[in-house]
Amino acid sequence: MDLNYSAEELAFRDEVRAFLDEKLPKDISAKVRGRGHLTKQDMERWHAILNEKGWLAPNWPEEYGGCAWNAVQKHIFDVECNFASAPRIIPFGLAMLAPVLMKFGNQQQKDHYLPRILNGDDWWCQGYSEPGAGSDLASLKTRAVRDGDHYIVNGQKTWTTLGQHADWIFCLVRTDPDVKQQEGISFLLIDMKTPGVEVRPIILLDGAHEVNEVWFTDVRVPVENLVGEENKGWTYAKYLLTHERTGIAGVGSSQAGLDAVKRMAGSEIHNGRPLIENPHFAARMAQVEIDLMAMSTTNLRIISKAAVGQAPGVEASMLKVKGTIIRQEINDLARRAAGPYAMPFPSEAVEGDNDPIGPEGAGVVSAQYFNNRKLSIFGGSNEIQRGIIAKVTMGG
Amino acid sequence: MNFDLTEERQMLQDTLRRYLADKYDTATRNAILDSDAGMSAEIWTGLAELGVIGALFSEADGGFGGAGFDIAVVFEELGRAGVVEPLMDTAILGGGLIAALGDEDQKLLVEEIIGGGLHVAFAHGEPSSRYDLRRVETTVAADGDNVVLNGRKAVVANAEAAGQLIVSARESGAAGDADGISLFLVPADTKGFTMRGYAMMAGGRAAEVTLDNVSVPASARLGAAGEALPAIETAVVSANVALAAETMGAMESATALTKEYLMTRKQFGRPIGTFQALAHRMSDLLIELEQARSAVINAAGHLETEPRIRDMQIASARNLMGRAGRLVAEEAIQMHGGIAMTQEYELAHIAKRITMADHRFGDTDYHLERFIALSAA
């Protein structure tokens, strides 16, 4: 065991830093830091820059254009990107669909879709949740009925993140309603331009438009868009969710968030002294930092294990629960640090040509606090994760 | 000891609750949030006609209430319905300060406020003052029969709608001194005022206010020169009772919505409230709600007692509301899941009201420190 970075790892870190310093567009990092609104073009531009360098797909095998990084390198990349205020990599195509296609897709699907994901030709979104099927995902009702060379799809998906930008959606659909829930689900790829697909925005409590409803009315989908076998979709879905969970510890994001809290607490004056010197606030900040230091190592331990081929199971659930608790606590500290300046609505506080209102970064803290309540709800709620931990460790 | 409301207050509560249930549903309120004014003139007039504003003033000041329990009754109902209209700013703070310090002429404004015809904003906080009521750096200088004000005021709630602003300024001493603070009644159209208005996260509007050689007659001063702090503290005490009661009302809504959801939403073939992991958490929220109710009663019941006891009760109530409120807002959203994250669902707004109340006149930590300091005194 050695907790220090090796000379190679330090060299890699310097390489990442130099790259970010040179290539990350300043207008984009400024938006990420101030939590201004990232456009589709901003996100695509950053993807293209990473792709050019060959760093867009850290989790892909080299044969498909991945980085072949080990666990520590991925960790270093995540941390450095967060500190440099790089936008997050949009995961739907790269981190969710791609692993499923690599493992369960046919050769034609791999050859067609994987390069297009890497090159940004297709923007993917995820069609899992439904209004009646949230945590109980397997109870989904969207129907796909075979009709010659097509499936006819009817139903509704919800919480579809960035679906307003998407060209394609990967969907869980019910192909057999007469068997046990999990056994009648298939994994289907649907072109969003097909007649009968409709995207309706959902506005979140912080005013953001990042999720949508996607409605399907008699949508005709060619049978070659089925991934793997019919009625085996639940297996693929679970495989995908494992991948969704490994990134969710959010170590880099938490470290950058805590850093921002410290900066604000260093400049805010409370009882004539910087807030960061206030024993009560300092103690709360220290507690989160202590939790984060330990979780960072837990995260490294688990991704190291995953790197040698052991699928993260219960540990991924543990990371998700602890990671989201920490991120949400940091969001809470940030809004407290901003004091009365947490109250302005963010679009008016940080956007437009005017100077931001209040101390640097304050204009977005309440929006982030409310928006990140989603962290413990999506990707399998924390209650579902605790259920998994209990089931795996205690049976039943 | 008797914990029943008087007949008059019971009537006030019933009337206001019926009125808001009838006139202030989610869709109406969300339309108000989207409007440029950020409030409804019709609702404001309606509240005035019902006597809701008058209930916040004593008979001596032209109202028919004004005690701690009157404030608590009114604001609990406003909180329950998620009302964003600025009753605290115009009536409790604005009207309260004019009633406490004003001369006969100035007090005529209180009548206008009670009638619903005048909005007031309390322009006190500054960019670096956070929650410290003494930290006033805005200056005032005599200029013949006039005084000239210069400075910046931060997050001034209701500033754009106000016909009159109550501006604090320092006559003498250093930024954090108790002595030397005066209040001035300044008409909104006075030259030298610049406002940068914006909507707030939980509804309502505020503004950054710059005073650049704002010149008003010396008679605009409210009360004696340099001696306004005790009156400011008293008005803020009332505002804290209002905030605590409003938060408690909002917590009642949040818990009611969550209970209903747990009993009707089915996952894995059964209502989710039948899962013990959720049922116990719901029970915890109901326990905290009763704690909150008692904290509001303690605060409201001590509004007129001696300052040290009063302030301890206020700090204690706001600290408890901050902790219980955060738990209720976060757990209510979590147990609902995604639906509570959407703007059109009632709980989203209610949770924001609960949370953002913690950013006015001291947050949970501020009131904890204040309680410790007062306990040691």
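Placed above this text is the structure.
## Here's the deal with empty space enclosed by the protein
And then number 1: In total, this model carries 4 cavities of 30 Å³ or more according to the counting rule given.
And then number 2: Its boundaries defined by the atoms lining it, the largest cavity holds a volume of some 310 Å³.

## Some points on the layout of surface pockets
All names here are of chain A.
And then number 1: Each pocket or cavity is described by its volume, and for the second largest pocket that value is around 760 Å³.
And then number 2: Along its surface, the second largest pocket is lined by 26 residues, and Leu3, His75, Ser296, Thr297 and Leu300 are the ones closest to its centre.
And then number 3: Going through the elements one at a time, helix H1 (7–23), helix H4 (71–83), helix H8 (251–267) and helix H9 (279–307) are the ones with two or more residues in the lining of the second largest pocket.
And then number 4: In terms of residue count, H9 provides more of the lining of the second largest pocket than any other element does, 8 residues in total.
And then number 5: When grouped by side-chain class, the residues that make up the lining of the second largest pocket number 11 nonpolar, 6 polar and 9 charged.
And then number 6: Lining the lining of the second largest pocket are residues from two domains, each supplying at least three of them: domain 1 (7–89) and domain 3 (250–394).

## Focus on the side chain of His165(A)
Residue and element names in this part refer to chain A.
And then number 1: Tracing the backbone through its elements, the reader meets His165 in the loop between strand S3 (150–157) and strand S4 (168–174).
And then number 2: Classification of His165 by relative accessible area gives buried; the value is 17%.
And then number 3: Once residues within four sequence positions are removed from consideration, His165 is found in contact with Lys40, Met43 and Trp123.

## Observations concerning the interface of chain B and chain A
And then number 1: Opposite the 46 residues of chain B that make contact, chain A presents 55 residues.
And then number 2: The junction of chain B with chain A conceals about 4300 Å² of combined surface from both sides, 55% of it contributed by carbon and sulfur atoms.
And then number 3: When residues of chain B are sorted by the area they lose upon contact with chain A, Arg130(B), Met201(B) and Met341(B) head the list and together hold 19% of the total.
And then number 4: Linking chain B with chain A are 8 salt bridges.
And then number 5: Where chain B meets chain A, there are 29 residue pairs in polar contact (both at pLDDT 80 or more).
And then number 6: Within the side of chain B that touches chain A, the residues separate by chemical class into 19 nonpolar, 12 polar and 15 charged.

## A short note on the environment of Ala235(B)
Residues and elements named next belong to chain B.
And then number 1: Structurally, Ala235 can be placed in helix H7 (residues 229–264).
And then number 2: Since its relative accessible area comes to 7%, Ala235 is described here as buried.
And then number 3: For the pair Ala235 and Ala91, spaced 144 residues apart in sequence, the C-alpha separation works out to 10 Å.
And then number 4: If sequence neighbours within four positions are ignored, Ala235 has contacts with Ile92, Leu93 and Leu97.

## Structural notes on the packing of aromatic side chains
Remark: the centre distance and the inter-plane angle together describe each pair of aromatic rings, the angle taken between the planes.
Residue and element names in this part refer to chain A.
And then number 1: Inspection of the entire model under this criterion finds 18 aromatic pairs over all chains.
And then number 2: Consider the rings of Phe12 and Trp69, whose centres lie 5.2 Å apart with planes at 75°: the pair is edge-to-face. Remark: Trp69 occurs in the loop between helix H3 (40–53) and H4 and Phe12 occurs in helix H1; sequence separation between them is 57 residues. When sorted by exposure, Phe12 lands in the same class as Trp69, which is buried.
And then number 3: The interplanar angle of 35° and the centroid separation of 5.5 Å between the aromatic rings of Trp124 and Trp168 together place this pair among those described as tilted. Of this pair, Trp124 sits in strand S1 (residues 124–127) while Trp168 sits in strand S4, placing them 44 residues apart in sequence.

## Looking at helix H10 (residues 314–338) of chain A
Residue and element names in this part refer to chain A.
And then number 1: Given a rise of 1.5 Å per residue, 25 residues ought to cover 36 Å, and the 37 Å separating the end C-alpha atoms of H10 matches this to within 8%.
And then number 2: When you tally the buried positions in H10, you get 20 out of 25 residues, the bulk of the element.
And then number 3: Count one or two residues on from H10 and you reach Gly339, which has phi positive near 60°.

## Notes on the nonpolar core
Looking at soluble globular proteins, one finds that nonpolar side chains tend to be buried together.
Residues and elements named next belong to chain B.
And then number 1: Judged by nonpolar contacts, the single largest core of 140 residues is most densely connected at Leu56, Val74, Phe75, Leu87, Met88, Ile166 and Met321.
And then number 2: A total of 18 residues in this core trace back to one element, the largest contributor, which is H7.
And then number 3: With residues near it in sequence (within four places) discarded, Ile166 still touches Gly94, Leu97, Ile98, Val120, Ala121, Phe122, Ala123, Leu183, Phe184, Leu185 and Leu222.

## Concerning the packing of helix H5 (residues 87–101) of chain B against helix H6 (residues 104–114) of chain B
Residue and element names in this part refer to chain B.
And then number 1: In contact at an axis separation of 8 Å, H5 and H6 are set at 150° when each is read in the N-to-C sense. As judged from the angle between their axes, H5 and H6 are roughly antiparallel. Considering only the axes of H5 and H6, their crossing is left-handed. Here H5 contributes Thr90, Ala91, Gly95, Ile98, Ala99 and Leu101 to the contact with H6, which in turn contributes Gln106, Lys107, Leu109, Val110 and Ile113.
And then number 2: When its residues are assigned to classes, the contact of H5 with H6 shows 7 nonpolar, 3 polar and 1 charged.

## With respect to the side chain of Glu85(B)
Residue and element names in this part refer to chain B.
And then number 1: Counting through the fold element by element, Glu85 comes out in the loop between helix H4 (68–81) and H5.
And then number 2: At a separation of 2.6 Å, a polar atom in the side chain of Glu85 contacts the side chain of Tyr24.
And then number 3: At 2.8 Å, the side chain of Glu85 and the backbone nitrogen of Ser40 are in polar contact.
And then number 4: Not counting the four nearest positions on each side in its chain, Glu85 is found in contact with Tyr24, Ile32, Met39, Ser40, Ile43 and Trp44.

Basis of the calculations
Residues numbered from 1 in each chain as written. Chains lettered and ligands numbered in written order. Predicted model: local features only at pLDDT ≥ 70, side-chain atom pairs only at ≥ 80, totals over all residues. Heavy atoms only, no water. 1 Å grid on protein atoms, 1.4 Å probe; cavity = no way out; pocket = protein on both sides within 12 Å on 5 of 7 lines; lining within 4 Å. Points joined across faces, edges and corners; volume = space filled by probe spheres on them. Helix = DSSP H or I, 4+ residues; strand = E, 2+ residues; numbered from the N terminus. Nonpolar A, V, L, I, M, F, W, Y, C, P; charged D, E, K, R; others polar. Domains from an automatic or database assignment. Buried < 20%, exposed > 50% of the residue type's maximum accessible area, 1.4 Å probe, protein only. Contact = heavy atoms within 4.5 Å. Buried area = accessible area lost by both parts, 1.4 Å probe. Salt bridge = Lys/Arg side-chain N within 4 Å of Asp/Glu carboxyl O. Polar contact = N/O pair within 3.5 Å; in protein donor to acceptor, adjacent residues only side chain to side chain. Phe/Tyr/Trp six-rings, centres within 6.5 Å; stacked < 30°, edge-to-face > 60°. Expected span 1.5 Å × (residues − 1). Core = buried A, V, L, I, M, F, W, Y, C linked by side-chain atoms within 4.5 Å. Axes fitted to C-alpha atoms, helices over the stretch in contact; angles between N-to-C directions. Parallel < 35°, antiparallel > 145°, perpendicular 65-115°, else oblique. Left-handed = near helix turned anticlockwise from the far one by under 90°.

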